[in-house]
Amino acid sequence: MGTFQIDFGGAANKRIVGIDLGTTNSLVAYLDGVTPKVIPTPEGDRLVPSIVSYTDEGVFVAGEAARGLQIQRPERTVYSVKRLMGRGVDDVRDDLKLLPFQIAEGSESVIRLDLGGKLVTPPEVSAQVLLELKRNAEAHLGEEITQAVITVPAYFNDAQRQATKDAGRLAGLEVLRLVNEPTAASLAYGLDKRKEGIVAVYDLGGGTFDISILRLQEGIFEVLATNGDTRLGGDDIDERLMAIALEDIATEWGENLSGNLEAVQTIRRAVIEAKHQLSTLPKVAISVRYGGRVYQRELTRELFEQLIQDIVERTLQPCREAMRDANLTPEQIDEVVLVGGSTRIPLVRKAVEALFKTKPHTELNPDEVVALGAAVQAAILSGDVQDQLLLDVTPLSLGIETMGGVVTKLIHRNSTIPASATETFTTSVDGQKNVLIHVLQGERELVKDCRSLARFDLKDIDPLPAGMTRIEVRFLIDANGILSVTARDLRTGRQQSVEVKPSYGLTDEQVEQMIRESFERAEEDFAARQVREARVEADNILSAVEKARANAAWFDLSEEERAAVDAALNGLQMAYHSEDHRLILDQIEKLDAATRTLAESMMNSAVRQALKGTKI
Amino acid sequence: MSELRILGEQAPAEHPHCWRCGNGPAHEHAEPVSLFCQFCNTLQPPVADYFSFFDLPRHLSLDLAELQRKFYALSRLLHPDRYTRAAERERRYSLEATAILNDGYRVLRDPVERAEYVLREAGFDIGEQRTRDVPPELLEEVFEFNMALDELKSGDETVVPQLMESRASFVSLLAEIDRELDAHFAEHDGAAGREARRAVLERIRKILNRRRYIRNLVAEVDRQLTAQGA
Ligand SMILES: [Zn+2]
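Only a predicted model underlies this, so the values are computations on that prediction, with no experimental measurement involved. (Residues numbered from 1 in each chain as written. Chains lettered and ligands numbered in written order. Predicted model: local features only at pLDDT ≥ 70, side-chain atom pairs only at ≥ 80, totals over all residues. Heavy atoms only, no water.)

A. Representation of the interface of chain B and chain A within the structure. On the chain A side, the residues contacting the 26 residues of chain B number 41 residues. Surface buried jointly by chain B and chain A totals about 2,600 Å² across both partners, of which 51% is contributed by carbon and sulfur atoms. Ranking the residues of chain B by area buried against chain A places Tyr72(B), Asp81(B) and Arg85(B) at the top, with a combined share of 29%. Here chain B is connected to chain A by 1 salt bridge. Here Arg177(A) makes a salt bridge to Asp81(B), at a shortest N to O gap of 2.3 Å. (Contact = heavy atoms within 4.5 Å. Buried area = accessible area lost by both parts, 1.4 Å probe. Salt bridge = Lys/Arg side-chain N within 4 Å of Asp/Glu carboxyl O.)

This is the structure in structure tokens:
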């Protein structure tokens, strides 16, 4: 056997960016030398709102532009889509009460949002946010960006992770790693500190809550335990305030606005603003202007804290469970790091301090620390950072359905990933040709209480008497927390084919189809833009010629010259409505040629007039 | 890197030569084999045996600090983060090797899982089905314990103190069993010859069954007390 080299196609020095794809805001960051930095938008903003709007013109806009459309076009503008990632419509009934989106028919395994007739899945919506970040990064760094690390809540299940990866692919990004948000934060925290010891990361974001406990030792960031709630965050706090405002307004104005999307968005802005101010002020005014009327009320921090007390409480039980799983007491936690905008709330800080018996770190910007950590992880993957390594865990146990609807656990939660488990299956009927394996995620005993991940069909088994075939199935969770399954016939040693039916989310084929369509769409969009540009050019020359026909120079032309101009003018008017931009440009050129003498004589007379000092 | 060489009890016979540079054998001797090709330093298909992987003798007593040190050192060498820009095949080996490393660390650092692993690899049956056999010396206590549990389930909370007392006695029994296990681990590691080791393993298997039985009792009472909110 001879030696051979593999060509990496220049991938070796490609830059990898880190992306925090948040419920409320998203950020992109990169490692500048040894310092992780957030990449600003061309307007200079560091946060990109995770909002996507499908405009009346039939294009997607994301970020600040979409935020601007939130009030005028609420039915076409999507926010907090992260809550819908990797879920079916039955999972999100509660979330949908909070979100004003129309859900299309057939959304059992993948939600389809109806944006004024345009159907989109959550990964497609997220892809638009990622595209916006990608463009910002490309503009800022002056190079093409095709590879990224994207963060996800630590407590995301397999389907939610897969959906995030799909969003990356749809945005033209190769997702080299999904990193858990609290773990990413610990990387940013530990980078310049050279810390050793036990660190708890408390991450209360817009829509999710995570707690991770890590051991930092000699550059190894080992996650000991993680826990959380993927349906708990700042959005829930906003909802409490919304309810109060809507009730007040119903009483004061005698009008229930909860069905009025535009009004609801206006009120939402107002309560969020009040919430932010309450982190520094003891009392604030909620102020809403809508339809020529004004609603105002005072909100004290005391009342606010009463309103959100139970939401803050709900974060503490996962913290206790994580400590128990890590075999640690609060006294053994050396440091607590806060992540997520909601940790600016003084009550949250108080609760965290009381639980861990240590004052949490507040010197890091809780909105940016995850993106900065993602940039560090990106640099670890590119080899630019060598001395740090993240060892993360799977947040949920993985099991298979066995007799009587019971789940047999194969890989337990908080196992360091990559992790694997092997199980041998056999046939129960003579001549059986396939075996169906139902894989679930969750901590409960019964199938109905766990999350269905996928059904794996072991196909083309040699037909033998029952129990003769033995198939060894290997379940492997990779470093992204995503499951893959391989199977081998132990009798023949042959690799066994496995067909995967994901319970939630898009199949590979669907994602590829979407990518193809987006390329086709891109071509269509490009063609449409060329036609539009050609028509603009035609408009310019048509109006110029129209004006010139009133000029004295027009009458200086010969009969033939005038006839030639009129013919060319007619030709362009004919071509104007064509969908082929080349036809339009062709006629523009002809008209341009036909009017050259006219233009020259006009120019000369203009010069003469100018020399005479009079205006034409 | 010499300390990270591993014993090749299950060295994959189908890969005597390096998959990348073709030189062979990728390792100078059959044992110990390295994780990496001795010519081009490319990651080779990993072996699946945990003790071999960590280059540790097949002992039941382990130095946990040493185990953790090796775990970190091997993680640095094998983790997929280190192979993002490697060839597809090397990336796959990195994923497989790291899965074995993590699975192995999880098993070896826990004395009971470690012992069960050694038993299973030695061909002992350690299935859960044996948990129904009540250890004879516990027969009477378990009978009364189950009666009390039934009463708790039907809402009689007066049995709670009795259950807590039984629980305490089971917990101290577990501590005793763990000491017994430690002694047997030492005996196993010091035993000369395969037969002598198997004899110790057979005794360990029985102790582990008893331990599992008692642990289940403790778990059951905890579950019932939590369910009753007691
Ligand atoms: Zn080699």
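B. Representation of the sheet that holds strand β6 (residues 60-62) of chain A within the structure. Residues and elements named next belong to chain A. In space, the 3 strands of this open sheet follow the order β6-β5-β7, with antiparallel pairing throughout. Edge positions in the sheet fall to β6 and β7 (77-79), since each has one partner strand and no second. Ignoring strand direction, the axes of neighbouring strands in this sheet form an average angle of 20 degrees. Two strands pair when backbone bridges link them, and strand β5 (residues 51-54) and β6 are joined in this way by 3 bridges, in the antiparallel orientation. When the sheet's bridge partners are listed, Ser-53 is paired in β6 with Val-61. (Pairing = 2+ DSSP bridges. Helix = DSSP H or I, 4+ residues; strand = E, 2+ residues; numbered from the N terminus. Axes fitted to C-alpha atoms, helices over the stretch in contact; angles between N-to-C directions.)

C. Inspection of the coordination of the zinc ion at higher detail. All names here are of chain B. Every protein donor of the zinc ion is accounted for by Cys-18 (SG), Cys-21 (SG), Cys-37 (SG) and Cys-40 (SG), and the metal-donor separations fall at 2.2 to 2.4 Å. Positions of the donor residues of the zinc ion along the chain correspond to the pattern C-x2-C-x15-C-x2-C. Remark: Cys-40 occurs in the segment before α1 (50-53) and Cys-21 occurs in the segment before α1; sequence separation between them is 19 residues. Relative accessible area serves as the criterion here: at 9%, Cys-21 is assigned to the buried category. For Cys-40, a relative accessible area of 29% corresponds to the partly exposed category. (Donors = N, O, S within 2.8 Å, 3.2 Å for Na, K, Ca; no water. Buried < 20%, exposed > 50% of the residue type's maximum accessible area, 1.4 Å probe, protein only.)

D. Spatial organisation of empty space enclosed by the protein. Residues and elements named next belong to chain A. Going through the model one piece at a time under the given rule, you end up with 6 cavities of 30 Å³ or more. Volume-wise, the largest cavity comes out at about 120 Å³. Listed by contribution, the elements that provide at least two residues to the lining of the largest cavity are β11 (174-180) and β18 (389-391). No other element matches β11, which puts 4 residues into the lining of the largest cavity. (1 Å grid on protein atoms, 1.4 Å probe; cavity = no way out; pocket = protein on both sides within 12 Å on 5 of 7 lines; lining within 4 Å. Points joined across faces, edges and corners; volume = space filled by probe spheres on them.)

E. Structural context of the pairing of strand β3 (residues 35-38) of chain A. All names here are of chain A. With burial as the criterion, only one face of β3 is covered, namely that bearing Pro-36 and Val-38; the residues Thr-35 and Lys-37 on the opposite face remain uncovered. Bridge count for strand β2 (residues 25-32) against β3 is 4 bridges, and the pairing is antiparallel. Bridge pairing links Ala-29 to Val-38 in β3. Turn length for the β2-β3 hairpin, with the two strands adjacent in sequence and antiparallel, is 2 residues, and the turn residue Gly-33 shows positive phi of about 70 degrees.

F. Here's a closer look at the sheet that holds strand β23 (residues 451-458) of chain A. Residues and elements named next belong to chain A. Ordered in space as β20-β19-β22-β23-β27, the 5 strands form an open sheet in which the pairing is antiparallel. At either end of the open sheet lies a strand with only one pairing partner, and these are β20 (406-411) and β27 (498-502). Each neighbouring strand pair of the sheet contributes to a mean axis angle of 30 degrees, computed without reference to strand direction. Relative to β23, strand β22 (residues 435-441) runs antiparallel, the two sharing 7 bridges. Considered in β23, the bridge of Val-439 is made with Ala-454.

G. Just the domain arrangement of chain A, in detail. Residue and element names in this part refer to chain A. Here chain A is described as being made up of domain 1 (5-185), domain 2 (193-362), domain 3 (388-520) and domain 4 (523-611). Here the C-alpha centre of domain 3 lies 36 Å away from the C-alpha centre of domain 2. Counting from both sides, the interface comprises 11 residues of domain 2 and, opposite them, 9 residues of domain 3. Each partner contributes to the roughly 900 Å² buried at the junction of domain 2 and domain 3, and carbon and sulfur atoms together form 49% of this total. Our enumeration of links across domain 2 and domain 3 arrives at 1 salt bridge. For Asp-325, the salt bridge goes to Arg-413, with nearest N and O atoms at 2.8 Å. In this assembly, domain 2 and domain 3 are joined by 7 residue pairs in polar contact (both at pLDDT 80 or more). (Domains from an automatic or database assignment. Polar contact = N/O pair within 3.5 Å; in protein donor to acceptor, adjacent residues only side chain to side chain.)

H. A look at the pattern of salt bridges. Considering all chains together, one arrives at 54 salt bridges over all chains under this definition. Here Arg106(B) and Asp103(B) are joined by a salt bridge, their closest N and O atoms 2.5 Å apart. Taken together, the positions of Arg106(B) and Asp103(B), both in helix α3 (residues 88-108) and 3 residues apart, correspond to about one turn of that helix. For the pair shown, Arg106(B) and Asp103(B) are each scored as buried. With its nearest N and O atoms 3.6 Å apart, the salt bridge here joins Glu195(B) to Arg194(B). Classification of Glu195(B) as exposed rests on a relative accessible area of 56%. The network of salt bridges with common partners includes Asp56(A), Arg73(A) and Arg76(A).

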